[in-house]
Amino acid sequence: MAAAYNELLDATIQHLENLKARGVRNVVVAPETLKALKLPVGDLRLAIERPSAAATVGKMAANISNVSALPEKALNVAPKNISTAVISPDAAEQSAIGNRQSAITSSSEKLAAYEALRERALACVKCPHLAASRKNVVFGVGNIEAQLMFVGEAPGADEDELGEPFVGAAGQLLTKIIQATGLSRADVYIANILKCRPDTPGQTSGNRKPTPGEMATCIPYLHEQIDLIRPKVLVALGATAVEGLLGKTVGITKLRGNWQEYRGTPLMPTYHPAYLLRNQAMSEKRNAWEDLLAVMEKLEMPISEKQQNYFLKA
Ligand code: URA
């Protein structure tokens, strides 16, 4: 048991160190976790040996590991999100400590693998021209336990500046679309085909489409990201995302709304939010919304009558 206790402690310390390395300074901790943390070390070790107390210790580690799955910005304000991540007391009481620990181990292994992948991507110089022009590598953001993952094209100037995908005008529209489904950015995962902003030499603004060579060089990072996160549904935002993930160069107008498959995962192609900003037609908003309704249905999310009718003429 002492070995199990030490393993649990090591995993927890590793989590917290990973968070600290990512600049996180506060974590939300459930009251029961704080109570358990106040136990003297000997009692905590003993607690692992007693099934009822073991549930507290298991929940404690689960709470901390699930906190780490949320994006940094959600960590200070996450009680609503956290509550969805914390295992229910009943389930906790029923599970044997061995099962709990293996679950914790696998979740910490997942986080460690995610962090390692992120570190590799942040140090990438495979496209020397992009490595030279970028301010930040825009790896991805969100919940690594997310059921829903959005994939866009490539970072723009705002994303390059902040190191986070979809934070500019198109990103703000994407955030509104996500919120219209009843989810938040912290519930989903967002990434791009390219992790660096396509350079625009001689220009101070504007974006360009990634070249096939840049896409081929960068896509392995996204493949690994998807393999780790294992979302239930992928949403490809725009033609470049479809091309990068599926190798299809069919126009997005033809493909959108039709379920595709990415390595066995259902993938919904839809419009890129930048297109929706350029084209304000109600019919196109409705088309994009119908794609999201199909995604919600696939994920068995509740859909209200109001949601059902968004962008329909009165
Ligand atoms: N457009 C994208 O495709 N990705 C971003 O991150 C921002 C804009």
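Look above for the structure.
No experiment lies behind these values; they were computed from the predicted model shown. (Residues numbered from 1 in each chain as written. Predicted model: local features only at pLDDT ≥ 70, side-chain atom pairs only at ≥ 80, totals over all residues. Heavy atoms only, no water.)

What follows is about the site of the ligand. The ligand sits among Gly-152, Glu-153, Ala-154, Glu-159, Pro-165, Phe-166, Asn-192 and His-272. At 2.8 Å, a side-chain N or O of His-272 approaches an oxygen atom of the ligand. When the ligand is considered free in solution it has 230 Å² of accessible area, and contact with the protein chains removes 91% of it. (Near = heavy atom within 4 Å. Polar contact = N/O pair within 3.5 Å; in protein donor to acceptor, adjacent residues only side chain to side chain. Areas by Shrake-Rupley, 256 points an atom, 1.4 Å probe, with all protein chains shown as cover.)

Let's shift gears to helix H12 (residues 239–246). Those residues of H12 that fall on the buried side of the exposure criterion are Thr-240, Ala-241, Val-242, Gly-244 and Leu-245. In the core, the buried residues of H12 are packed alongside strand E2 (148–152), helix H11 (212–229), strand E4 (233–237), helix H13 (252–255), strand E5 (260–262) and strand E6 (265–270). Two residues or fewer after H12 comes Gly-247, characterised by a positive phi angle close to 70 degrees. (Buried < 20%, exposed > 50% of the residue type's maximum accessible area, 1.4 Å probe, protein only. Helix = DSSP H or I, 4+ residues; strand = E, 2+ residues; numbered from the N terminus. Contact = heavy atoms within 4.5 Å.)

Let's shift gears to empty space enclosed by the protein. Evaluation of the coordinates by the stated rule reveals 3 cavities of 30 Å³ or more. In this structure, the largest cavity occupies an estimated 130 Å³ of space. Along its surface, the largest cavity is lined by 15 residues, and Cys-124, Cys-127, Lys-195, Cys-196 and Cys-218 are the ones closest to its centre. Considering each element in turn, the lining of the largest cavity owes the most residues, 3 residues, to H11. For the lining of the largest cavity, the residue count by class is 11 nonpolar, 1 polar and 3 charged. (1 Å grid on protein atoms, 1.4 Å probe; cavity = no way out; pocket = protein on both sides within 12 Å on 5 of 7 lines; lining within 4 Å. Points joined across faces, edges and corners; volume = space filled by probe spheres on them. Nonpolar A, V, L, I, M, F, W, Y, C, P; charged D, E, K, R; others polar.)

Strand order in the open sheet made by the 6 strands is E1-E3-E2-E4-E6-E5, with mixed pairing throughout. Edge positions in the sheet fall to strand E1 (141–142) and E5, since each of these pairs with one other strand and no more. Across 2 bridges, the pairing between E1 and strand E3 (residues 189–192) is antiparallel. Looking at the pairing, Gly-142 lines up with Tyr-189 of E3. Set on the sheet, H11 makes contact with E2, E3, E4 and E5; between it and E3 the angle comes to about 165 degrees. Along the sheet, H12 contacts E2, E4, E5 and E6; its crossing angle with E4, the most-contacted strand, is approximately 130 degrees. (Pairing = 2+ DSSP bridges. Axes fitted to C-alpha atoms, helices over the stretch in contact; angles between N-to-C directions.)

As a further point, take the packing of H11 against H12. Any two packed helices are characterised by the angle at which their axes cross and by the distance between the axes. Contact geometry for H11 and H12: axes closest at 10 Å, N-to-C directions at 80 degrees. Overall, the two elements H11 and H12 adopt an arrangement that is roughly perpendicular. Contacts between H11 and H12 pair Met-215, Ile-219, Leu-222 and Ile-226 from the former with Thr-240, Glu-243, Gly-244 and Leu-245 from the latter. In the contact of H11 with H12, the residues fall into 5 nonpolar, 2 polar and 1 charged. (Parallel < 35°, antiparallel > 145°, perpendicular 65-115°, else oblique.)

In this section: the nonpolar core. Of all hydrophobic cores here, the largest spans 58 residues; its most connected members are Met-149, Phe-150, Tyr-189, Leu-222 and Leu-245. Looking at this core, the element that brings in the most residues is H11, giving 8 residues. (Core = buried A, V, L, I, M, F, W, Y, C linked by side-chain atoms within 4.5 Å.)

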